[in-house]
Amino acid sequence: MTEHRSPDARFRTSQLEENEGPATNPTDNRTMGEIIAARFSRRGFLKGSLAVSAIAATVSPLAMIAADDARAAEGSAFKFDELEAGIDDRHHVAPGYDADVLLRWGDPLFADSPEFDPAKQSAEAQARQFGYNNDYVGYIAIDGSAEHGLLVVNHEYTNPHLMFPGLVRIVDKDGKKTPELAPLSKEQVDVEMAAHGGTIVEIRKEGGKWQVVRHGKLNRRIMATTEMQLSGPVAGHDRVKTNADPSGAKVFGTINNCAGGVTPWGTYVMSEENIHGYFSGELPEGHREAANYTRLGIPEGAYEWGAHYDRFNLAKEPNEANRFGWIVEVDVTDPNSVPRKRTAMGRFKHEGAESIVARDGRVVFYLGDDERFDYVYKFVTKGSFNAGDHAANKDLLDDGMLHVAKFAEDGTVEWMPIVFGQGPLTAENGFTGQADVLIETRRAADLLGATKMDRPEDIQPNGVNGKVYVMLTNNSKRKDDQVDAANPRAANAFGHIIEISEDGGDFAAAKGKWEVLLKCGDPSVADVGATFSTATTANGWFGMPDNCAVDSAGRLWVATDGQGPKATGRTDGLWAVDTEGAARATSKLFFRVPIGAEMCGPLFAPDDQTAFVAVQHPGDGGEDWEGFGRPSYYEDPSTRWPDFKPDMPVRPAVVAITKKGGGKIAI
Ligand code: FEO
Ligand code: CA
Ligand code: CA
Ligand code: CA
């Protein structure tokens, strides 16, 4: 144990609360979230679907009929019968669809993989099996097929209290049943490290159902121990040199890979998000990285890796943390390729990395920094995408311009270049070159006066309508005097979505226009100030937008993170959100997750006939749900999804959703 680690932090039960930034508001004003939480807990005596009825009852039946009529008349782009919102221990999909579990934590990926044995899990076995807490899901077609390709999946983090038997003990603390977590053994830490990273696995659709091709020759696990190369402006810099790597270019592993992307040239892009949790120990007195690490919340000590591996202990390897917080690019065509950390794309708590080819052939990546009051970024490559020669795109991500967004009150957005020597990014402010600027991207953006946002998550360019959708998940710490046009609600418990139209329809433009597409939350509670269309039903609204996708028809799908019994009275899920015409800002529930889970993915196969979704951290929580009402852990989880076998733990899994009888989804 290190002095920095709070025992509770190791439960990592809420990514929602983890992203406490240094700029967060320390006051204890009652937030909108707490007001709404009180509202839902008062109806805690109501059971499952009754609780949903209670919410529905706040909208008059007449209004609901009118809503249905309105939706029909206004031409929602989505045709499916809406799923009922609610909370229970399993997943649900809209009527007429199948939602089949494709890949679960521990599933074998290779011919020689051992079968999953949760009571005897080892790092060696985990390295040959699907990892934990699936987040981003991408599809890279093989020979252009929509039914045969590589599925790429990020494994964001680990929940030891749900992964390992015998770790949790329930104690009575002030009359409340409280879980305590024993220290992890080195073997368990090694399992955690092997359960992180990503999976590349061949899949094929046969007879309308997706199958994993266990012998696929490109199948691969990326882990927290996989050798990687730092590339771009920071490679070889003194600030990324360590005792183990005097070259400052060879890093082992990637961690906390949240949303991500697939590039136009078919590589897999992983983002490193909450890297602060993996580091513990104290920097040597007066160390030059002190302010840099404070700005990122390093160290948090939520993981025990530093107790077993010096590189995660700041006292022993003060520079190691500068080697994380990057975008990682993986060439999936060679299972032995060395992934590259593309430092030109900046270092922060990277959420997704979705990209699009601009009119002139340069490639534009939209990048969120998920922390309260942090920023929205855009990276534009210097070189152009070469569709005919994939090798020519190999190092496009090493050279380009990183920008940060300033959202003005007049509805314009300016993309400000983050370049050493320009504006305040000079020696006077402690930067000696572009490497310094990139290592401390947040401080550079602070100096440029970027707009402090309500936790930017996934950002999706839409090649069909030419717009860009920015998920802002929530920010309960924003005070009344910190409200601005792009972050219009104080104590923003439910988040919002911004739509950007780049000038001239050019994704590489230096400026654009923006508007709020949607303020989220329960529209029947006036204080929330949600702005779903009136055609949105009591099942259709959501809070906390996080990952998102655009299908090939250009329709927006939004996954959520952080709903539940107290926050919204419903589990997380996947919602279809209209962006066009009179139906704009109408939302419909398509899929929902079991208790305790967050909805990740989502990803549509190129033919729109499959939606892949990732159910992350199922069973993580349940105390607040009347169907369980006690701490959830390995021996006593709030759900044993998806196997529902007494000897199987709850397992994060990727689910493939298809229409019964085939066909495009929601058409
Ligand atoms: Fe990993 Fe920002 O969600
Ligand atoms: Ca996310
Ligand atoms: Ca996405
Ligand atoms: Ca999130």
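Because the structure is predicted, anything quoted here is derived from the model rather than measured.

Draft legend 1. Looking closely at the overall build of the protein chain. Helix and strand counts for the protein chain come out as eleven helices and 33 strands. Across the 667 residues in the protein chain, those meeting the buried criterion constitute 62%. A separation threshold of at least 6 residues defines the contact pool for the protein chain, and within that pool the share at least 24 residues apart is 65%.

Draft legend 2. Just the packing of aromatic side chains, in detail. Per the counting criterion, the structure on display carries 25 aromatic pairs. Arranged with centres 5.0 Å apart and planes meeting at 75°, the rings of tyrosine 97 and phenylalanine 590 form a pair that is edge-to-face. Highlighted residues: tyrosine 97 in strand β2 (residues 97-104) and phenylalanine 590 in strand β30 (residues 587-592), separated in sequence by 493 residues. An identical accessibility class is assigned to tyrosine 97 and phenylalanine 590; each is buried. Ring geometry for phenylalanine 348 against tyrosine 377: centres 4.1 Å apart, planes inclined by 15°, an arrangement best described as stacked. Separated by 29 residues along the polypeptide, phenylalanine 348 in the loop between β15 (340-342) and β16 (354-357) and tyrosine 377 in strand β19 (residues 376-384) bring together distant segments of the chain. Across the pair, tyrosine 377 and phenylalanine 348 agree in class, each one buried. Site record: aromatic cluster; members linked through ring pairs are Phe78, Phe80, Tyr97, Trp557, Phe590 and Phe604. One Lys or Arg, lysine 588, reaches over the ring of phenylalanine 80 and ends 4.2 Å from the middle of that ring.

Draft legend 3. Broad picture of the coordination of the calcium ion (ligand 3). Bound to the calcium ion (ligand 3) are the protein donor atoms Glu354 (OE), Asp458 (OD), Gln460 (OE1) and Cys548 (O), situated 2.3 to 2.6 Å from the metal. Sequence spacing among the residues donating to the calcium ion (ligand 3) works out to E-x103-D-x1-Q-x87-C. Of this pair, glutamate 354 sits in strand β16 while cysteine 548 sits in strand β27 (residues 545-550); the two residues are 194 residues apart in sequence, bridging distant segments of the chain. Since its relative accessible area comes to 12%, glutamate 354 is described here as buried.

Draft legend 4. Region of the structure containing the coordination of the calcium ion (ligand 4). Taken together, the protein ligands of the calcium ion (ligand 4) are Glu457 (OE), Asp546 (OD) and Asp561 (OD), with distances of 2.3 to 2.6 Å. Mapping the donors of the calcium ion (ligand 4) onto the primary sequence yields the spacing E-x88-D-x14-D. A distance of 3.8 Å spans the gap from the calcium ion (ligand 4) to the calcium ion (ligand 2), which glutamate 457 bridges by coordinating each metal. In this pair, glutamate 457 is assigned in strand β23 (residues 456-461) and aspartate 546 in strand β27, connecting sequence segments 89 residues apart.

Draft legend 5. Representation of the nonpolar core within the structure. Of all hydrophobic cores here, the largest spans 70 residues; its most connected members are Trp305, Phe365, Leu367, Tyr377, Val404 and Ile418. Elements that contribute at least two residues to this core include exactly α6 (160-163), α7 (186-195), α8 (290-296), β17 (362-368), β19, β20 (400-407), α10 (434-439) and α11 (441-448). If you look at the next biggest cluster of nonpolar residues, it comprises 26 residues, including Phe78, Val615, Ala653 and Ile657.

Draft legend 6. Inspection of the pattern of salt bridges at higher detail. Within the structure shown, the criterion is met by 49 salt bridges. Between arginine 90 and aspartate 89 there is a salt bridge, and its shortest N-O distance comes to 3.0 Å. For arginine 323, the salt bridge identified is with aspartate 245, shortest N-O distance 2.8 Å. Highlighted residues: arginine 323 in the loop between α9 (305-308) and β14 (327-330) and aspartate 245 in the loop between β10 (227-231) and β11 (250-252), separated in sequence by 78 residues. For arginine 323, a relative accessible area of 2% translates into the label buried. Owing to a relative accessible area of 5%, aspartate 245 belongs among the buried residues under this scheme. Salt bridges sharing common partners tie together Arg295, Lys349, Asp369, Glu371, Asp374, Arg442 and Asp446.

Draft legend 7. Structural context of the state of the cysteines. Considering all chains together, one arrives at zero disulfides under this definition. You can see cysteine 600 has no disulfide; the closest cysteine sulfur is in cysteine 258, sitting 6.5 Å from it. Judged by relative accessible area, cysteine 600 falls into the buried class, the value being 0%.

Draft legend 8. Expanded view of the sheet that holds strand β29 (residues 573-577). Pairing is antiparallel across the open sheet formed by five strands, whose spatial order is β1-β30-β29-β28-β27. One side of each edge strand has no neighbouring strand; the edge strands of this open sheet are β1 (92-93) and β27. Of the strand pairs in this sheet, strand β28 (residues 556-560) and β29 are connected by four bridges, and their pairing is antiparallel. By the bridge assignment, leucine 556 is partnered in β29 with valine 577.

Draft legend 9. Representation of the confidence of the model for the protein chain. Mean pLDDT over the protein chain: 92, with 89% of residues reaching 70 or higher. Counted against residues more than four places away or in other chains, residues 14-31, with its pLDDT under 50, gives 41 contacts. Counting interchain partners and residues more than four positions distant, the pLDDT-below-50 stretch residues 38-64 has 37 contacts.

Draft legend 10. Main features of α11. By the burial criterion, the buried members of α11 are Thr441, Arg442, Ala444, Ala445 and Leu448. Seen end-on, α11 carries its buried residues on one side only, within an arc spanning 160°.

Reading the values: the criteria
- Residues numbered from 1 in each chain as written.
- Chains lettered and ligands numbered in written order.
- Predicted model: local features only at pLDDT ≥ 70, side-chain atom pairs only at ≥ 80, totals over all residues.
- Heavy atoms only, no water.
- Helix = DSSP H or I, 4+ residues; strand = E, 2+ residues; numbered from the N terminus.
- Buried < 20%, exposed > 50% of the residue type's maximum accessible area, 1.4 Å probe, protein only.
- Contact = heavy atoms within 4.5 Å.
- Phe/Tyr/Trp six-rings, centres within 6.5 Å; stacked < 30°, edge-to-face > 60°.
- Lys NZ or Arg CZ within 6 Å of the ring centre and 35° of its normal.
- Donors = N, O, S within 2.8 Å, 3.2 Å for Na, K, Ca; no water.
- Core = buried A, V, L, I, M, F, W, Y, C linked by side-chain atoms within 4.5 Å.
- Salt bridge = Lys/Arg side-chain N within 4 Å of Asp/Glu carboxyl O.
- Disulfide = S-S within 2.5 Å.
- Pairing = 2+ DSSP bridges.
- pLDDT = per-residue confidence, 0-100.
- Arc of directions from axis to C-beta.

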